[in-house]
Amino acid sequence: MRVLRVLSLALDLVTITGALDGIDPASVRAAVLVLAALVGAVIVFVAAVLTAGCCNSGVQADADGKSGVEIGQAMPGFTMTDLKGVEHTLEQYKGKIVVLDFASQECPYSRATDPHLKKLHESYEEQGVVFLAIDSHATTTVEEIAAYAEEHELPFPILKDVDNAYADVTNAQRTPEIFIVDREGKLAYHGAFDDGRNPGEGDTPYVKNAIDALLAGNPVDPATSKAIGCTIKRK
């Protein structure tokens, strides 16, 4: 570091000067070394503070190192951009039921879910239910996602979760993994699309039942299930 280099040069200069003036060089060197140690400690502290501040993405994890949201808690907000460059926030959909699907075209389970989500979107669009897919995969580009969405005529926006920031704050781990937010902005359902090993093959349509319950003003039951699919490939 430049500061320490300057102190080192000052140490040599003061030692020589002290010797010429009859001052004990050892005492001078000891004083300068103490000063250098103090300056070094301050530099390390400031660097640590600046590093912590510059890398804060605005996504916070819990104190135990885990992140996520429980049923009944407010769903963390987000600001993400869709494939057309349009910005979306959770706040803008306040008062609506919002279905968030962590998805990836690279995952066969997620691809198998898309046609069923497309049908649900068509069935509930007039009732104001919002469907948003979220791609958190670090290796998938916006261009690739757009090509896939166009090929399969997906009618709902797909948001790109840069650096998997929102996946981290919600603790989403798989694709597909679905979070349903109620009209008050609270998490009402979290888990799989249905109870089938493959999406669309189950006997209990978790997502559809959750939407119906929220539209009727009833509690969602079950409110959670185990998401089955591919792991999100994080940065």
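Residues numbered from 1 in each chain as written. Predicted model: local features only at pLDDT ≥ 70, side-chain atom pairs only at ≥ 80, totals over all residues. Heavy atoms only, no water.

## Examining the overall build of the protein chain
And step 1. The helix and strand inventory of the protein chain stands at 6 helices and 9 strands.
And step 2. The burial tally for the protein chain puts 38% of its 235 residues in the buried class.
And step 3. Of the contacts made within the protein chain by residues no fewer than 6 positions apart, 74% connect residues no fewer than 24 positions apart.
And step 4. Roughly 13,200 Å² of accessible area belongs to the protein chain as shown, and the carbon and sulfur atoms make up 56% of that amount. (Helix = DSSP H or I, 4+ residues; strand = E, 2+ residues; numbered from the N terminus. Buried < 20%, exposed > 50% of the residue type's maximum accessible area, 1.4 Å probe, protein only. Contact = heavy atoms within 4.5 Å. Areas by Shrake-Rupley, 256 points an atom, 1.4 Å probe, with all protein chains shown as cover.)

## Side note on the state of the cysteines
And step 1. Within the structure shown, the criterion is met by 1 disulfide.
And step 2. Across a sulfur-sulfur distance of 2.2 Å, C107 and C230 are joined as a disulfide pair. Sign of the S-S torsion, about 85° for the bond between C107 and C230, identifies this disulfide as right-handed. Of this pair, C107 sits in the loop between strand 3 (98-102) and helix 3 (108-124) while C230 is found in strand 9 (residues 230-231), placing the two residues 123 residues apart along the sequence.
And step 3. On the basis of relative accessibility, which here comes to 1%, the residue C107 falls in the buried class. (Disulfide = S-S within 2.5 Å.)

## Overview of helix 4 (residues 142-151)
And step 1. Listing the buried residues of helix 4 in full gives I145, Y148 and A149. For helix 4, the arc enclosing every buried residue in end-on projection is 100°, short of the 170-degree limit, so these residues lie on one face. Of the residues in helix 4, the exposed ones pointing more than 90 degrees away from the buried face are E143, E150 and E151.
And step 2. Buried residues belonging to helix 4 abut helix 3, strand 4 (130-135) and strand 5 (158-160).
And step 3. At the exit of helix 4 stands E153, carrying a positive phi of roughly 50°. (Arc of directions from axis to C-beta.)

## Observations regarding the nonpolar core
Generally speaking, a soluble globular protein has its nonpolar side chains buried in company with each other.
And step 1. Ranked by internal contacts, the top residues of the largest apolar core, which has 28 residues, are F131, I180, Y189, V207 and I211.
And step 2. For this core, the element with the highest residue contribution is helix 6 (residues 206-216), accounting for 6 residues.
And step 3. With sequence-adjacent residues up to four places away left out, I211 is seen in contact with I97, V99, Y124, V129, F131 and I180.
And step 4. Residues M80, A167, A172 and F179 belong to the second largest nonpolar core, which totals 21 residues. (Core = buried A, V, L, I, M, F, W, Y, C linked by side-chain atoms within 4.5 Å.)

## Brief notes about the environment of L215
And step 1. Tracing the sequence through the fold places L215 in helix 6.
And step 2. The spatial distance from the C-alpha of L215 to the C-alpha of D182 is 9.2 Å, given a sequence separation of 33 residues.
And step 3. Residue contacts for L215: discarding those within four places in its chain leaves I97, Y124, Q127, V129 and R183.

## Concerning the pairing of strand 4
And step 1. Taken across its 6 residues, strand 4 has 6 buried, putting it largely inside the fold.
And step 2. What you see with strand 4 is no split at all: V130, L132 and I134 on one side and F131, A133 and D135 on the other are buried throughout.
And step 3. Between the parallel elements strand 4 and strand 5, the chain passes through helix 4 in a crossover that is right-handed. (Right-handed = clockwise from strand over helix to strand, strands pointing away.)

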